[in-house]
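One letter stands for each residue in the lines below.
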There are 4 protein chains.
Amino acid sequence: MIRAPAVPSITYPSQDEAALQALYRDFDADGLVPLWTEIGDLMPEQPNPSALPHVWRWRSILPLAERAGGLVPVGRGGERRAIALANPGLGGAPHATPTLWAAIQYLCPREDAPVHRHTQHAFRFVVEGEGVWTVVDGDPVAMRRGDFLLTPGWRFHGHHNVSDAPMAWIDGLDIPFARYTDSAFFEFGPDEVSDRSTPARSRAERLWAHPGLCPVSSAGERTDSSPITAYRWEHTDRALGEQLALEQDGYPGVVEPGHAAVRFINPTTGRDVMPTVRAEFHRLRAGTRTAVRREVGSSVFQVFSGTATVGVGEHEWTVDRGDLFVVPSWQPLTMTTGHGVDLFRFADSPIFERLRLDRVQVDGGAQ
Amino acid sequence: MIRAPAVPSITYPSQDEAALQALYRDFDADGLVPLWTEIGDLMPEQPNPSALPHVWRWRSILPLAERAGGLVPVGRGGERRAIALANPGLGGAPHATPTLWAAIQYLCPREDAPVHRHTQHAFRFVVEGEGVWTVVDGDPVAMRRGDFLLTPGWRFHGHHNVSDAPMAWIDGLDIPFARYTDSAFFEFGPDEVSDRSTPARSRAERLWAHPGLCPVSSAGERTDSSPITAYRWEHTDRALGEQLALEQDGYPGVVEPGHAAVRFINPTTGRDVMPTVRAEFHRLRAGTRTAVRREVGSSVFQVFSGTATVGVGEHEWTVDRGDLFVVPSWQPLTMTTGHGVDLFRFADSPIFERLRLDRVQVDGGAQ
Amino acid sequence: MIRAPAVPSITYPSQDEAALQALYRDFDADGLVPLWTEIGDLMPEQPNPSALPHVWRWRSILPLAERAGGLVPVGRGGERRAIALANPGLGGAPHATPTLWAAIQYLCPREDAPVHRHTQHAFRFVVEGEGVWTVVDGDPVAMRRGDFLLTPGWRFHGHHNVSDAPMAWIDGLDIPFARYTDSAFFEFGPDEVSDRSTPARSRAERLWAHPGLCPVSSAGERTDSSPITAYRWEHTDRALGEQLALEQDGYPGVVEPGHAAVRFINPTTGRDVMPTVRAEFHRLRAGTRTAVRREVGSSVFQVFSGTATVGVGEHEWTVDRGDLFVVPSWQPLTMTTGHGVDLFRFADSPIFERLRLDRVQVDGGAQ
Amino acid sequence: MIRAPAVPSITYPSQDEAALQALYRDFDADGLVPLWTEIGDLMPEQPNPSALPHVWRWRSILPLAERAGGLVPVGRGGERRAIALANPGLGGAPHATPTLWAAIQYLCPREDAPVHRHTQHAFRFVVEGEGVWTVVDGDPVAMRRGDFLLTPGWRFHGHHNVSDAPMAWIDGLDIPFARYTDSAFFEFGPDEVSDRSTPARSRAERLWAHPGLCPVSSAGERTDSSPITAYRWEHTDRALGEQLALEQDGYPGVVEPGHAAVRFINPTTGRDVMPTVRAEFHRLRAGTRTAVRREVGSSVFQVFSGTATVGVGEHEWTVDRGDLFVVPSWQPLTMTTGHGVDLFRFADSPIFERLRLDRVQVDGGAQ
């Protein structure tokens, strides 16, 4: 809310009160709204989000997904057995934040999710389990614990579970942003995925997931989204480990003491994996407390392993493996861990950076 | 809405109905929403905007602004005597479209509007009148009929009317987008503008408003927003006239037969004037009918002179000088004019282009 | 040359002298050259250009061009009656600097220069006279005193003099750079220009030479070179005048006290007019002395009006209308004027900026 | 050379011959050169390079380097025991092509090369041997067969051989381009490298050489050159192998049938490793013949393993492990291999692409 101004506030001559009310009625009849009665809400001194800091517990949502597995089929029309995190400040909409969708998706043994495509950008992150392949424009992509898997906008994709165990994972998309901006398109594909093979690595990875190398056949093409369909845990884990090892030897690389972090990037540009979505992995060494950080834009975190105490605005939670929590725009975030913690994070930051609306503050000092 | 799929829709075994309802209740208790019941609304086959095509008549809104002039003071706290166009599809919010604010602002003779700044990007467009100077970061900018005047984000600005006549104009901002994305900051400035001089041209224009020239002292700096604070009608008018003259001599330049248009640009980048706002001027020769065009993103038009018949989706209106109308995302637009028409347009297109979400279709054929 | 190192220099054991000479002969036979004997020349501590500071006097070169007018026809094969400034440090090559070509071109009354195109980027600058139209891809462009006229690479162009007076002007191109890098292509066109009309403004100007405006029909296209074929003196003059007027009122805009300057830019990008060529106009107020400036890359200046004393490295000249002088890379430049001076400048700076090799030093302090 | 034009060539009236000769003498006296006598050389129809296709044999140059090892010390002043390939078309200058330097560098057992820095961009490529660490801004980088190692401009660097065997490798730099453009700076550093440790991986690799990952602490910084100091053979080899394996399964990825290739890139931008240098690795399957390709700009190849028959312009050679050959601008190149071949390539292509002068033709058809 806008601060009460130091200057005397506006007073309207009492004799005009009736005229003013008549004016307001006439505004309303003509589809008009005055600024002066709304400005505090419309133009706050700093972001004042409706979305609330909130946590969803893996031990609660996973059993609900399992129940859905027994009751709700996956098929054309419903498309996916995905259950969205609905931020309590957003009026019941299935939006984790104003811009971001986060859902748990569940696939029963030997089950298929039909092929479709949409302009919304999507990814999957796997906190546990394996056995599902997502087939992206015909390329089968294995999903395993720790992997971060891309489905950039307008690529046909379906999933199938080749194992005898169910599998659950997290879907992240920019559905709320696309909905708000009325910018999305959707198309059905075949009912079944076209390639049921189960390679350990997708063809896209084999071409693109080499450090600092790109195929000459595609060199110079700058694609909106990353051509790497799968970012494997082994690489993420190693990169995080190296940052902490370098720190211990006295060299730079970590974000702050005890805090390693990598960003998933599009190798054709060095920028974020998709135009609207940032994804990162954070590792806090045992005994670490992060600085208090606030930034324009919203984030969702999922604990991958370990435990942390997380403060977001005036909320504080202890979070554990699989738990998801939301950091609304400009809410201060700090994390503390006793025994160490690994966290996956995704955010809408590219929207703000591309529109030059980004702002970050760490420990009260602007960066 | 999503099309009813050709495949049989999902049927739930009746014995599970009670279990399903229990599941949905438990979802709700845990802050979860299933995708499969919402997907048609969340992921439509094409944009399905809540905002409606709508027109506001100058002959209605100007008298309301005048009445406000007699009843509502302008001062610190209320900040501006601005009355916003509220799209009837947006639940009473003072938003012309999901992203754009459009308002009529009214300043009485010899009146001041106090200085403030905000990260929201703003412009003014003058359909009639003169006598007000807007002072942008200390630089006085005259406002005259046909001029397009910028106040990019985070610049201090106030207005003052030096004449004995009131003046009304249109304000355009990205307030709804900033509000939705929780990205805006606001700050009060001095109560009065610092420089009450009334030059015909601002200092910014004197430095920057020369065709194809930039000051060497700033050369190479690429600013987010245009350094040109005022785009004068004489230049806009001449550029439009030249396009039609070239067309008559058989040379390219117009958008389509009989349809000239210029875009206001940031000379340091060749891109739109501000990161979230596009502004253009269109001129239709007498007897012209435009192609049917739809694009992702929303626009507001104001008739500057002449008359046209405008079709937006299933709506059709005849519009006249000062009238404003809204084109929601992906709604087909066509315009016809008997005697010719000049229109100012602003839109949120840069948001979509920067995020690679732009899509345009003309007469059914994708461009 | 490389500085004599503080450490003792290398001494070769005398008994090896013969073996060393044999080795050097064997190097030579195998097409090899050792670094250690050449390093001072190859890798100097700072740029050590072969090109020399030099001046060419208008009063000398114009009469020579006139004599050529009487002796040398213009036609297919020779293509142009252009006489190049050959830097005395560059071994007789017709290169003003290692990268830049500068020539006086002369067209007799009613004479034509045939149509061709080449990938080398070209411009013309007119220090006096008029009556010639250059026809660029079919668009006739009038040439008048003070105008700066573009022929970006690979555009067909020819010239014709419609008047009863001869006309001379300056051509600038990147011929030496294209030659050195073996990157140029050339093609003959028709013997005569296709459009002999003589409009005051070219079609390209009518579309593009409006401040801060671009045609919507081409909006969003970022062209390598500027679509503005002619930058007219009236705009350049006004922009320079405004900078000095703003300075007198206490506002920023000039490069340094008494020194106004504008750069010609490509309005589709805000960058230089062509990928390899920068062009600027400088005006020094009476009594001004510029700072000493050195930069990587070379420049050619032509005095447009007035007089100045120019120091380049250890050279100093008094220059007058029409005189041309060269500033090699990293040579310090300073200019002093008693009664004021206007100068046109072109340079190869975009090459260095695009390759991140640019460096500038003003008065000893890096900028 | 320019084609003889179809139109009659220019004939000069004989009576003017003396006057013409006098004119040419006066041109010369005034530092002027006419275009019309030089145009064929200055503006050829297509690139007509002075540099010649040429090959240097490893079996010849390695023994010469060894002899230099016994005769020439490495120390301050001479700086490096590097022996440059001098293109026979370039007048004895130590330039492999007009823009590129290629040299064999040789370090005796336990020998050091002193620390310096220069704005010229450098890399090393190792065709055989190991035991040397190059220390780049204090970070020790191991050099092993197949590795491609960067020293971007202005980084202090020295080398030291920790083994009891000598080591030779190839240096590539843009020395000729920097020299021609007068753009280079050079600075001595300490006589010895600061960190004599011998880690298997450099700190830069540990931070940056992970596929699709970047440290959050540096995310968003776009550096001119790659932060990856070493591109290891194991990754290059695997990426090439995957392309050929994908081809055999019927999937895209190779440049053309039987021809795999990767480009080394800067992960912060997805562009070439350094602003002036492209580096690639090519693998031809046994029995492959490449298309005939010509491009603007020059290249140097070194055979890493296997054998090929290489045609460049009118030259043809059979090349073997370690052999180096040069492809001048616009010379057609084709390669054939019986048993398969691996080749390292570097080129000046980024210069042309950044200046929009690039052009490629494959098998006569423009791409």
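Figured I'd write up the structure that's included with this text.

This part covers the arrangement of the chains. Regarding chain A and chain C, the two do not touch, and the least distance separating their C-alpha atoms is 16 Å. Chain B makes no contact with chain D; the smallest distance between any of their C-alpha atoms is 16 Å.

Attention now moves to the relation of the copies chain B and chain A. Between the two copies, chain B and chain A, the superposition gives an RMSD of 0.0 Å; the rotation angle is 180° and the shift along the axis is 0.0 Å. Look at the turn and shift together and you get a two-fold axis relating the two. The position closest to the rotation axis in chain B is occupied by the C-alpha of Arg354(B), lying 3.1 Å away.

Moving on, we get to the environment of Ala204(C). Residues and elements named next belong to chain C. Locating Ala204 in the fold gives a position in helix H5 (residues 203-208). Separated by 148 residues in the primary sequence, Ala204 and Trp56 place their C-alpha atoms 33 Å from one another. Here Ala204 is in contact with Asp139, Ala209, Pro227 and Thr229, once residues within four sequence places are set aside.

Now for the packing of aromatic side chains. Throughout the structure, instances matching the rule amount to 94 aromatic pairs over all chains. Pairing Phe148(A) with Phe344(A) gives two aromatic rings, centres 5.6 Å apart and planes at 40°, and the pair type is tilted. Of this pair, Phe148(A) sits in strand S9 (residues 148-151) while Phe344(A) sits in strand S24 (residues 341-347), placing them 196 residues apart in sequence. As far as the burial class goes, Phe148(A) and Phe344(A) line up, both buried. Judged by centre distance (6.2 Å) and plane angle (65°), the rings of Phe27(D) and Trp36(D) are edge-to-face. Across the pair, Trp36(D) and Phe27(D) agree in class, each one buried. Every member of this aromatic cluster is reached through a ring pair, and the members are Phe123(A), Phe125(A), Phe148(A), Tyr231(A), Trp233(A), Phe264(A), Phe281(A), Phe304(A), Phe344(A) and Phe346(A). Positioned above the aromatic ring of Trp154(D) is the side chain of Arg359(C), whose terminal nitrogen or guanidinium carbon lies 5.0 Å from the ring centre.

All right, on to the relation of the copies chain D and chain C then. Between the two copies of this chain, the relationship is a rotation about some axis together with a displacement along it. Once turned by 180° and shifted 0.0 Å along the axis, chain D lies on chain C with an RMSD of 0.0 Å. Most of the interface of chain D is mirrored in chain C, where 100% of its interface residues again form contacts.

Moving on: the side chain of Arg263(A). Mapped onto the elements, Arg263(A) comes out in strand S15 (residues 259-266). Given the relative accessible area of 10%, Arg263(A) is considered buried. At 2.9 Å, the side chain of Arg263(A) forms a polar contact with the side chain of Glu280(A). Apart from residues no more than four positions distant in its own chain, Arg263(A) is found in contact with Asp272(A), Arg278(A), Ala279(A), Glu280(A), Gly212(D), Leu213(D), Cys214(D), Val216(D), Ala219(D) and Gly220(D).

This part takes up the packing of helix H3 (residues 58-71) of chain A against helix H1 (residues 17-29) of chain B. Between H3(A) and H1(B), the least distance of the axes is 10 Å, while the angle of their chain directions is 155°. In terms of axis orientation, H3(A) runs roughly antiparallel to H1(B). Here H3(A) and H1(B) pass one another in a crossing that is left-handed. Counted together, Leu64(A), Arg67(A), Ala68(A) and Leu71(A) of H3(A) and Ala19(B), Leu20(B), Ala22(B), Leu23(B), Asp26(B) and Phe27(B) of H1(B) form the full contact between these two elements. The residue makeup of the contact of H3(A) with H1(B), split by class, is eight nonpolar, no polar and two charged.

It is worth spelling out helix H1 (residues 17-29) of chain A at this point. An ideal rise of 1.5 Å per residue puts 18 Å on 13 residues; H1(A) measures up with 18 Å between its terminal C-alpha atoms. Considered for burial, the residues of H1(A) that qualify are Leu20(A), Leu23(A) and Phe27(A). The buried residues of H1(A) occupy one face: seen down the axis, they fall within an arc of 60°. In this structure, H1(A) carries Ala18(A), Arg25(A), Asp28(A) and Ala29(A) as exposed residues pointing more than 90 degrees from its buried face. The secondary structure elements touched by the buried residues of H1(A) are strand S1 (32-34) of chain A together with helix H3 (58-71) and strand S3 (82-85) of chain B.

Across the contact, 93 residues belong to chain B and 92 residues belong to chain A. Between chain B and chain A, roughly 8300 Å² of surface is buried when both sides are summed, and carbon and sulfur atoms account for 68% of that area. If you sort the residues of chain B by the area they bury against chain A, Tyr180(B), Asp182(B) and Phe185(B) come out on top, with a joint share of 9%. In this structure, Arg67(A) engages Asp26(B) in a salt bridge whose closest nitrogen and oxygen atoms are separated by 2.6 Å. The tally of links between chain B and chain A comes to 25 residue pairs in polar contact (both at pLDDT 80 or more).

Each value, and the rule that gives it
Residues numbered from 1 in each chain as written. Chains lettered and ligands numbered in written order. Predicted model: local features only at pLDDT ≥ 70, side-chain atom pairs only at ≥ 80, totals over all residues. Heavy atoms only, no water. Contact = heavy atoms within 4.5 Å. Least-squares fit on C-alpha atoms with pLDDT ≥ 70 in both. Helix = DSSP H or I, 4+ residues; strand = E, 2+ residues; numbered from the N terminus. Phe/Tyr/Trp six-rings, centres within 6.5 Å; stacked < 30°, edge-to-face > 60°. Buried < 20%, exposed > 50% of the residue type's maximum accessible area, 1.4 Å probe, protein only. Lys NZ or Arg CZ within 6 Å of the ring centre and 35° of its normal. Polar contact = N/O pair within 3.5 Å; in protein donor to acceptor, adjacent residues only side chain to side chain. Axes fitted to C-alpha atoms, helices over the stretch in contact; angles between N-to-C directions. Parallel < 35°, antiparallel > 145°, perpendicular 65-115°, else oblique. Left-handed = near helix turned anticlockwise from the far one by under 90°. Nonpolar A, V, L, I, M, F, W, Y, C, P; charged D, E, K, R; others polar. Expected span 1.5 Å × (residues − 1). Arc of directions from axis to C-beta. Buried area = accessible area lost by both parts, 1.4 Å probe. Salt bridge = Lys/Arg side-chain N within 4 Å of Asp/Glu carboxyl O.

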